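Fold and contact review
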Amino acid sequence: MKSELFTPENLEIADGQRFALQNSRMLRVSLGPDVLAVKGAMVAFQGQVRFDHEKSGSMAKLLKKVVTSEDIPLMRVSGQGEVFFAQEAGHVHLITLEGDGISVNGRNLLAFDATMEWDINRVRGAGMMAGGLFNTTVRGAGTVALCTVGQPVVLDCSQQPTFVDVQAAVAWSSSLVPTVVSSMNMKSMLRGGSGEAFQYSFHGPGFVVVQPFEWVPPTANGGGKSGGPGGLIGDLLS
């Protein structure tokens, strides 16, 4: 049988790395230690692999998942073999953490080493008008796989203030403490608004990753996976 389908770039890679890009839109993980991945992200696997629901790990974290829409449905992937992950043909990017951390929009998270710590955190200044905005922070030593819609840009926030649409922000250095600012004014609101109501404001040593796509904001009843409303209860988590 002959076909361009069987060209080397389409064949399974075998480079011995634990986390590797099969291609720009697919992640390949060689199991040994467990991996945590977003439910539904597995597209194929080889070997003896098991998938289990990953619990929150603490009542505090469970409460955050209940009252926010940053409800990351994680699964624990264990066993021996290779697992392939993807998310709606998005671009996959690997980040190696060396004891530091990264704050990730839940919709952009794909997988990470199970030995790493994770938690849900509220962005400062994201009150009810902003719908309540929450991100997932991953810390420790290991690899985090992100998935972006389109090719992202990485902005250095140390030189000058950086403002990013809250629905286009993918991830940022955990050392940064962004605030949510509003560009709304009464004249703009009376004329239907500008469509750019809220932005994250960053300034300090670190980076922010921005994708050329804006997620649809969650609905008032908590729809959507990230950046969702915490409402009055969410204010208790700030």
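Residues numbered from 1 in each chain as written. Predicted model: local features only at pLDDT ≥ 70, side-chain atom pairs only at ≥ 80, totals over all residues. Heavy atoms only, no water.

**Observations concerning the overall build of the chain**
Broken down by element type, the chain carries three helices and 15 strands. By the burial criterion, 46% of the 238 residues in the chain qualify as buried. Long-range pairs, those at least 24 residues apart, make up 78% of the contacts in the chain between residues at least 6 apart in sequence. Counting only carbon and sulfur atoms, one obtains 57% of the accessible surface of the chain, whose full area is about 12,300 Å². (Helix = DSSP H or I, 4+ residues; strand = E, 2+ residues; numbered from the N terminus. Buried < 20%, exposed > 50% of the residue type's maximum accessible area, 1.4 Å probe, protein only. Contact = heavy atoms within 4.5 Å. Areas by Shrake-Rupley, 256 points an atom, 1.4 Å probe, with all protein chains shown as cover.)

**Observations concerning the environment of Ala197**
Relative to the helices and strands, Ala197 is located in the loop between helix H2 (186-190) and strand S14 (198-202). What makes Ala197 partly exposed here is its relative accessible area of 24%.

**Regarding the sheet that holds strand S11 (residues 162-165)**
Read across the sheet, three strands follow the order S11-S14-S13 without closing on themselves; strand pairing throughout is antiparallel. Both outer strands of the open sheet, S11 and strand S13 (179-182), are each paired with one neighbouring strand and no more. The mean angle between the axes of side-by-side strands here comes to 40 degrees, regardless of whether they run parallel or antiparallel. Where S11 and S14 come together, four bridges link them in antiparallel fashion. Counted as the bridge partner of Thr162 is Phe202 from S14. (Pairing = 2+ DSSP bridges. Axes fitted to C-alpha atoms, helices over the stretch in contact; angles between N-to-C directions.)

**Observations regarding unusual backbone geometry**
Even without being a glycine, Glu88 presents a positive backbone phi close to 50 degrees. Examined against the element boundaries, Glu88 turns out to sit in the loop between strand S5 (74-85) and strand S6 (91-104). Here Glu88 falls in the exposed class, since its relative accessible area comes to 78%. Positive phi values are uncommon outside glycine, yet Ala89 reaches one of about 60 degrees. The class of Ala89 is partly exposed, set by a relative accessible area of 45%.

**A few points about the confidence of the model for the chain**
Looking at the chain, the pLDDT average stands at 82 and 75% of residues meet or exceed 70. Low pLDDT, under 50, characterises residues 188-194; the stretch is placed with four contacts to residues that sit more than four places away or in other chains. (pLDDT = per-residue confidence, 0-100.)

**What about the packing of aromatic side chains?**
Counted under the stated rule, the structure contains five aromatic pairs. Aromatic pair Phe45 and Phe51: ring centres 5.4 Å apart, planes at 65 degrees, arrangement edge-to-face. The exposure class of Phe45 is partly exposed, given its relative accessible area of 37%. For Phe51, a relative accessible area of 28% translates into the label partly exposed. Taking the centre distance of 6.0 Å and the plane angle of 65 degrees together, the rings of Tyr200 and Phe202 count as edge-to-face. (Phe/Tyr/Trp six-rings, centres within 6.5 Å; stacked < 30°, edge-to-face > 60°.)

**Some thoughts on the layout of surface pockets**
Approximately 200 Å³ is the volume found for the second largest pocket. Looking at the second largest pocket, it is lined by 13 residues, and the ones nearest its centre are Asn121, Arg122, Trp172, Leu176 and Pro178. Elements with a contribution of two residues or more to the lining of the second largest pocket: strand S8 (117-122) and strand S9 (134-148). It is S9 that provides the largest number of residues to the lining of the second largest pocket, a total of three residues. When the residues that make up the lining of the second largest pocket are grouped by side-chain class, the tally is five nonpolar, five polar and three charged. (1 Å grid on protein atoms, 1.4 Å probe; cavity = no way out; pocket = protein on both sides within 12 Å on 5 of 7 lines; lining within 4 Å. Points joined across faces, edges and corners; volume = space filled by probe spheres on them. Nonpolar A, V, L, I, M, F, W, Y, C, P; charged D, E, K, R; others polar.)

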